[in-house]
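Fold and contact review
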Amino acid sequence: MVNGDSVLIIGSGGREHALAWLMAKSDGVGKIYTAPGNPGTKQVGENVNISANDFDALVDFALKKKIDLVITGSESQLGKGIVDIFQKNGINIYGPNQQMAQIEIDKIYGKEIMIKAGISTPQHWIFKDPEAAKAKIMEDPKNTVVKHPSGDMGGKGVHPCATQEEALAEVDKMFEITDTVVIEQFAGEKGVIHEEASCMVICSGLSYIPLLFSQDHKKEGEGDTGSNTGGMGAYAPCEITRGYEDWILEKIVKPTLKVLNGKFFGTLYIALIRNPGDDIWPFQVLEYNARFGDPELQPIATLLDAPNFYQILKTSAQQEDLSNFELKWHPGSAICTVMANKGYPRKDDYYKSLLGTRILGLDDPYFKNPWVTVFHAGSGFNEKGELIVAGGRTLNVTTRGKDIIEAHERCLEALSKIKCDALRYRRDIGYRDIARFKARTGR
Ligand code: GLY
């Protein structure tokens, strides 16, 4: 018999491992289950062999085990109404209901909320006709962001194209899978898109608690080149939002929660874009998400010094006020670098041929260092119980340091100890802040 509350986390990615890891560090938590989980979540609790989409079986399990809090990781389940189903069964679940999750799932609705809240966002147009969409692209070289209207695209719904030609081709590809396409102006000059930041806030109606601001690296290649992915790494805190935290909360977070009539419970994730030279709107909003960012949560998790994290999520799930809670943070910076299948993000024959490759090196004493945490995602076990590559984004090597340089050096050191020919990674996560830090300190 384990003392403390029982938690069920739904999902199997790096974010869900980070959530399970945070629960293990929280006061008041006894048993941690993850469904279906991964080799990392197994280190901090018990994996349950139920698919994240089998809501009936998940509810049965939660009732049988008297689960005190369910946490769902991905927008996919939120969009299908998992929160409503658990609530109907009287089970506490952290996250927005199906209607509120539409701020992420329906990108056009998300834009409507921004506009109602008086928030600046790049101009956009909605098209059902490919030729009309192409004409809009040809009107202005800035009209080159091509978006799928659904936010449940596994990070592949938004294509900020470098040229009009690329955007025209993207429109054709997009219309093969949808009947509606959104064209958006990119925020930048001369084909260079401005810098982005992720703002995540734990909400309960109109009360909220912000997490550290972070920056994701969505492109597969170093220097932000190549195809878009679900995220190849992230770091926190990030410099571009420093000094603007209160402005972002006042001008963006609070008006959004108000327009949502205080009915949003869970993580409000706001994708921000810097608007340099504009004093009135130094940041614009690109989109909303309705859950923790992956991989952004991973570096943030290692900076949290918050035994009250479980209590905060449970309070939101119970739709109670969060105003009396505060989160504490370790000083310094954290970087998460994703080790991905060399065939990712294309799920082609090469990708498939690498599945099953063994991953060695995680028993190195370096990984006992408390500043180094490896969150598992698409890893698995073979029949012999050996760790293998079982998906795309496989491991999230996350390191803390007294500053971003130390976090980065530690991350490269940790990465060098993991031996697997099937995996690759970017060595430059955090590169903009690393350069700014070096320029400032002369290091
Ligand atoms: N890292 C981007 C996302 O979670 O949507």
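Here we summarise the structure given alongside this text. (Residues numbered from 1 in each chain as written. Predicted model: local features only at pLDDT ≥ 70, side-chain atom pairs only at ≥ 80, totals over all residues. Heavy atoms only, no water.)

1. Points about the site of the ligand
Going by this rule: Near residues are defined by distance, with any heavy atom within 4 Å of the molecule or strand qualifying the residue. N or O atoms within 3.5 Å of each other form a polar contact, as long as, within protein, one can give a hydrogen and the other can take it, and as long as residues adjacent in sequence are counted only when both atoms are side-chain atoms. Exposure was quantified through the Shrake-Rupley algorithm and a 1.4 Å probe, taking into account, for residues, occlusion by the shown protein chains and nothing else.
Close contacts around the ligand come from Asp216, Gly230, Tyr269, Asn289, Arg291, Gly293, Asp294, Pro295 and Glu296, and that covers them all. Separating a nitrogen atom of the ligand from a side-chain N or O atom of Asp216 is a distance of 2.7 Å. Measuring from a nitrogen atom of the ligand, one finds a backbone N or O atom of Asp294 at 2.9 Å. A total of 200 Å² of accessible area belongs to the ligand in isolation, and the protein chains cover 88% of it.

2. Description of the pairing of strand S20 (residues 333–341)
Within a regular strand, the side chains alternate between the two sheet faces. Test applied: Here the term buried applies to any residue with accessible area under 20% of the maximum for its type, exposed to any over 50%, and partly exposed to those in between, with areas from a 1.4 Å probe on protein chains only. The numbering of helices and of strands both runs from the N terminus, where a helix is a DSSP run of H or I of at least 4 residues and a strand a run of E of at least 2. At least two bridges found by DSSP between two strands is the condition for calling them paired.
Of all nine residues making up S20, nine are buried, and the element is well covered by its neighbours. Judged from the four bridges that link them, strand S17 (residues 233–236) and S20 form a sheet pairing that is antiparallel. Looking at the pairing, Ala234 lines up with Cys336 of S20. For S20 and strand S24 (residues 393–401), the ladder comprises eight bridges, and the chain directions are antiparallel. What sits directly across from Ala340, in S24, is Arg393. As judged from the two bridges shared by S20 and strand S25 (residues 423–424), these two strands associate in the antiparallel manner. In the sheet register, Ala340 faces S25, and the bridge partner there is Arg424.

3. Let's talk about the pattern of salt bridges
For clarity, the threshold we go by: For this analysis, a salt bridge means a side-chain nitrogen from Lys or Arg found within 4 Å of a carboxyl oxygen belonging to Asp or Glu.
Applying the stated criterion to the full structure yields 29 salt bridges. Here Arg15 ties to Glu16 by a salt bridge, and the two come within 2.9 Å at their closest N and O atoms. Glu16 carries the same exposure label as Arg15, and that label is buried. One salt bridge connects Glu75 with Arg291, and the closest N-O pair in it is separated by 3.2 Å. Taken as a pair, Glu75 in helix H4 (residues 75–79) and Arg291 in the loop between strand S19 (283–289) and helix H11 (297–303) lie far apart in primary sequence, 216 residues in all. You can call Glu75 buried: its relative accessible area is 10%. Overlapping salt bridges, with partners in common, bring together Glu195, Glu239, Asp433, Arg436 and Arg440 in one network.

4. Focus: the sheet that holds strand S6 (residues 124–127)
Heads up, the condition is: In this analysis an axis means a line fitted to C-alpha atoms, helices contributing only their contacting stretch, and an angle means the value between N-to-C directions, from 0 to 180 degrees. Any two residues having at least one pair of non-hydrogen atoms within 4.5 Å are treated as being in contact.
The strand order across the open sheet formed by four strands is S6-S9-S7-S8, and the pairing between neighbours is antiparallel. Single-partner strands in this sheet number two, and they are S6 and strand S8 (158–160). Strand-to-strand, the axes of this sheet are offset by a mean angle of 20 degrees, without reference to chain direction. Relative to strand S9 (residues 181–184), S6 runs antiparallel, the two being bridged by four bridges. Its bridge partner lying in S9, His124 is registered against Glu184. The strands that helix H7 (residues 107–116) touches are S6, strand S7 (145–147) and S9; relative to S6, the one it contacts most, it runs at about 145 degrees.

5. Quick notes on the packing of helix H6 (residues 98–105) against H7
Stated formally: Oblique is the label for any angle not under 35 degrees, not over 145, and not in the 65 to 115 range, which are roughly parallel, roughly antiparallel and roughly perpendicular in turn. As a working rule, the residues Ala, Val, Leu, Ile, Met, Phe, Trp, Tyr, Cys and Pro are called nonpolar, Asp, Glu, Lys and Arg charged, and the rest polar, with Gly in that last group.
Viewed as axis vectors pointing N to C, H6 and H7 meet at an angle of 95 degrees, and their least axial separation amounts to 6 Å. Between H6 and H7, the angle falls in the class roughly perpendicular. Residues Gln102, Ile103, Glu104 and Ile105 of H6 form the contact with H7, whose participating residues are Lys107, Tyr109, Gly110 and Ile113. Taken together, the residues of the contact of H6 with H7 break down into four nonpolar, two polar and two charged.

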